[in-house]
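Next come the chains, spelled out residue by residue.
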Amino acid sequence: MSSPSSINSGKRRMRTNNPTPTKREDKLHVSRTDVMDQQYIYVSSHTAEAVHTLLSQFTISDEDIQKIADAVKSNIITDITNLIRSHTEPLLDQIDQLKYENKILEKISHRVGKLSDPDVNSDPKHRQIIVRLSEPGVKFRILKCRKHLKENANFKSVYINEDLTMLRNNILYHCRKLLKKNKIKQLWTTNGKICTLDKHDQYYDVTTTSRFVQAVDKLDPSYTTPDGR
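What you are looking at is a predicted structure, and each value in this text was computed from that prediction instead of being measured.

What counts, and where the lines are drawn
- Within any chain, residue numbers begin from 1 and follow the written order of that chain's sequence.
- Reporting in this predicted model follows two pLDDT cut-offs: at least 70 for local features of residues, and 80 or more for side-chain atom pairs to be given and counted; totals over whole chains, interfaces and linings ignore these cut-offs and use all residues.
- Values shown for side chains rest on all heavy atoms present in the structure; no hydrogens or waters enter the calculation.
- Only the contacting stretch of a helix is used when fitting its axis, a line to C-alpha atoms as for every element, and angles between N-to-C directions run 0 to 180 degrees.
- A run of H or I in DSSP becomes a helix once it reaches four residues, and a run of E becomes a strand once it reaches two; helices and strands are each numbered from the N terminus.
- Note on angle classes: values under 35 degrees are labelled roughly parallel, values over 145 roughly antiparallel, values of 65 to 115 roughly perpendicular, and the remainder oblique.
- Each crossing is labelled by how the near helix is turned from the far one, with a counterclockwise turn of less than a right angle marking it left-handed and a clockwise turn marking it right-handed.
- We call two residues in contact whenever any of their non-hydrogen atoms come within 4.5 Å of each other.
- Each residue is assigned to one class: nonpolar for Ala, Val, Leu, Ile, Met, Phe, Trp, Tyr, Cys and Pro, charged for Asp, Glu, Lys and Arg, and polar for all the others, Gly among them.
- Of the two site types, the cavity is a set of points on a 1 Å grid over the protein atoms alone where a 1.4 Å probe fits but cannot get out, and the pocket is an open set with protein on both sides within 12 Å along at least five of seven lines, each lined by residues with an atom within 4 Å of a point.
- Grid points are joined across faces, edges and corners, and a volume is the space filled by probe spheres set on the points.

S.K.: Looking at this model, I keep getting lost on the packing of helix α5 (residues 166-180) against helix α6 (residues 209-219). Mind explaining?
M.R.: Between two packed helices, what matters for the description is the angle formed by their axes and the separation of those axes. One can describe the packing of α5 onto α6 by two numbers: an axis separation of 10 Å at closest approach and a directional angle of 15°. The pairing of α5 with α6 is recorded here as roughly parallel in orientation. Crossing of α5 against α6: the hand is left-handed. Two secondary-structure elements touch here, α5 through L167, I171, H174, C175 and L178 and α6 through T209, F212 and V216. Across the contact of α5 with α6, the residue classes tally to six nonpolar, two polar and no charged.

See the structure below:
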């Protein structure tokens, strides 16, 4: 059995193996930290002084600010002007083209029919416009495309027809009445001729009064023809 003195000596040896730092080392450690803080403060103050020096060298006067504002304003105005010009120039070209075409139309077209009296008729009708074309092919192309007018709501009340004689216009008027009564299926004019199709796709050339009367006798015998029969 070991004595108390041997146990105490063992504890002393264990304490000796892990000695506690001396007060001198603690003071030395603290002094190093203080030195680092002083260096950091010194560097920070030096940097702030350098920044302050640079800022003082790059001070902008009111005159410089005004020059910058004028330059920016000039660039913005130039960009906006170019943008507006790029959009308006094509429109101006189209307007000039329309003016040119309108002058040509004034030479080759005119209105026909009597003027409506606004005092008598609150809803005066527009007079028809007749156009003289230089080539027959142009007329056929226009007549071929007139069906597309019905596809646009703005042109539903616009009609393009050939310029017929008074007699043929009268026949065409009666043919339209038969078309509204569903007595004929189709009606059209081509190169001065008036043509119709009945419900059985039977073709009729009703350009003259006699041909129209013969066709009406088959299509609608009860209809009063232009010659009064």
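S.K.: Is there a simple way to think about the layout of surface pockets in this case?
M.R.: Which parts of space are left empty comes out when a probe the size of a water molecule is rolled across the atoms. Approximately 2,100 Å³ is the volume found for the largest pocket. Forming the walls of the largest pocket are 45 residues, and the residues nearest its centre are R146, Y159, I160, N161 and E162. Those elements that place two or more of their residues in the lining of the largest pocket are α3 (62-108), β1 (109-112), β2 (128-131), α4 (136-145), α5 and β3 (186-190). Ranked by the residues each element gives to the lining of the largest pocket, the list is headed by α5, at seven residues. Residues that form the lining of the largest pocket fall into these classes: 19 nonpolar, 12 polar and 14 charged. Taken as a whole, the second largest pocket holds about 190 Å³ of empty space. Taken together, V112, G113, K114, K125, H126, R127 and Q128 make up the lining of the second largest pocket. Residue composition of the lining of the second largest pocket, grouped by class: one nonpolar, three polar and three charged.

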